[in-house]
Amino acid sequence: MSSLVKEDLEKKLFKPLSQHLYEFIEIEFSVQDRYYLCVSVTKTEEVKIIIVKHYRVGLDEKYEVTKKWSLNDLEMIDGKEADTDNPFFDLHFKKVYCLEAYSCASKYSFARTVTKLNDAYLKKDLQIVNFDATYIRDDSIWSSNNKDCLVLMRICFYAFNLVCLSLCPLPL
């Protein structure tokens, strides 16, 4: 479902604006309409954060930009509580915007995307607070993308077990 929405958003809203949609998450903003928090990159390599309203007119899906910021203006993302699974977070621009993601996982997905795009395009010191850093950065030792480290840990675990078994003979 979300890939269809992303494809539709890309076609109807972001391509006409000459932007590439990198990520979007659904946010709780209104009971009547659906809203998405989107991260896109323009042809001039400017990263944009956009809130999009999704509604229907008859059988046609419509999208309307309700808020737009540059990543360069983002000062901080506050995940509220790092040790609790909650979907609430704040985006700190000149004004603080309190948002609620559809899920805690989507909140982290948004923070990961913003971090990657910041590292790729701006390289500014962006504060991301009250998030578990293990799930934000790909360079974390526990990251699933860091397969060499995981293989090495498995080898060490296996070797440790062999040493323990050789030192402690099993009773018959």
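Fair warning: this is a prediction, and the values are worked out from it, not measured in the lab.

K.L.:
Please set out the pairing of strand β2 (residues 34-42) residue by residue, giving values where relevant.
P.N.:
Of all nine residues in β2, eight are buried; the element is thus mostly enclosed. Pairing of strand β1 (residues 19-27) with β2, which is carried by eight bridges, proceeds in the antiparallel orientation. Residue pairing in the sheet places F24 in a bridge with C38 of β2. Hairpin connection, β1 to β2: the antiparallel pair is bridged by six residues.

K.L.:
I'd like a rundown of the sheet that holds strand β8 (residues 127-129), residues and numbers included.
P.N.:
An order of β7-β6-β5-β8 is seen for the four strands of this open sheet, with the pairing classed as mixed. Pairing within the sheet leaves two strands with one partner each, and these edge strands are β7 (96-100) and β8. Neighbour-to-neighbour, the strand axes of the sheet open up by a mean angle of 15 degrees, direction not taken into account. Sheet topology places strand β5 (residues 76-78) next to β8; three bridges connect them, and they run parallel. If you follow I77 over to β8, its bridge partner there is I128. Across the face of the sheet, helix α2 (residues 104-122) comes into contact with β5, β6 (88-92) and β8 while running at roughly 30 degrees to β6.

K.L.:
A description of the pattern of salt bridges should follow, citing residues and the corresponding values.
P.N.:
What the rule picks out here adds up to eight salt bridges. Two residues, D60 and K12, come together in a salt bridge whose shortest N-O distance is 3.5 Å. Taken together, the residues span a long stretch of sequence, with D60 in strand β4 (residues 60-70) and K12 in helix α1 (residues 2-14) at a distance of 48 residues. Several salt bridges share partner residues, and in doing so they unite D8, K12, D60 and K62 into one network.

K.L.:
So, α1: which residues are in play, and what are the values?
P.N.:
Among the residues of α1, those classed as buried are V5, D8, L9, E10, L13 and F14. The inward-facing, buried residues of α1 abut β1, β2, β3 (47-57) and β4.

K.L.:
Tell me about the side chain of H54, residues and numbers included.
P.N.:
Inspection of the secondary structure puts H54 in strand β3. Here H54 falls in the buried class, since its relative accessible area comes to 9%. Engagement of the side chain of H54 in a polar contact is seen with the side chain of E61, the distance being 2.4 Å. Excluding anything up to four places from it in sequence, H54 contacts D33, R34, Y36, E61, K62 and Y63.

Conventions adopted
Residues numbered from 1 in each chain as written. Predicted model: local features only at pLDDT ≥ 70, side-chain atom pairs only at ≥ 80, totals over all residues. Heavy atoms only, no water. Buried < 20%, exposed > 50% of the residue type's maximum accessible area, 1.4 Å probe, protein only. Helix = DSSP H or I, 4+ residues; strand = E, 2+ residues; numbered from the N terminus. Pairing = 2+ DSSP bridges. Axes fitted to C-alpha atoms, helices over the stretch in contact; angles between N-to-C directions. Contact = heavy atoms within 4.5 Å. Salt bridge = Lys/Arg side-chain N within 4 Å of Asp/Glu carboxyl O. Polar contact = N/O pair within 3.5 Å; in protein donor to acceptor, adjacent residues only side chain to side chain.

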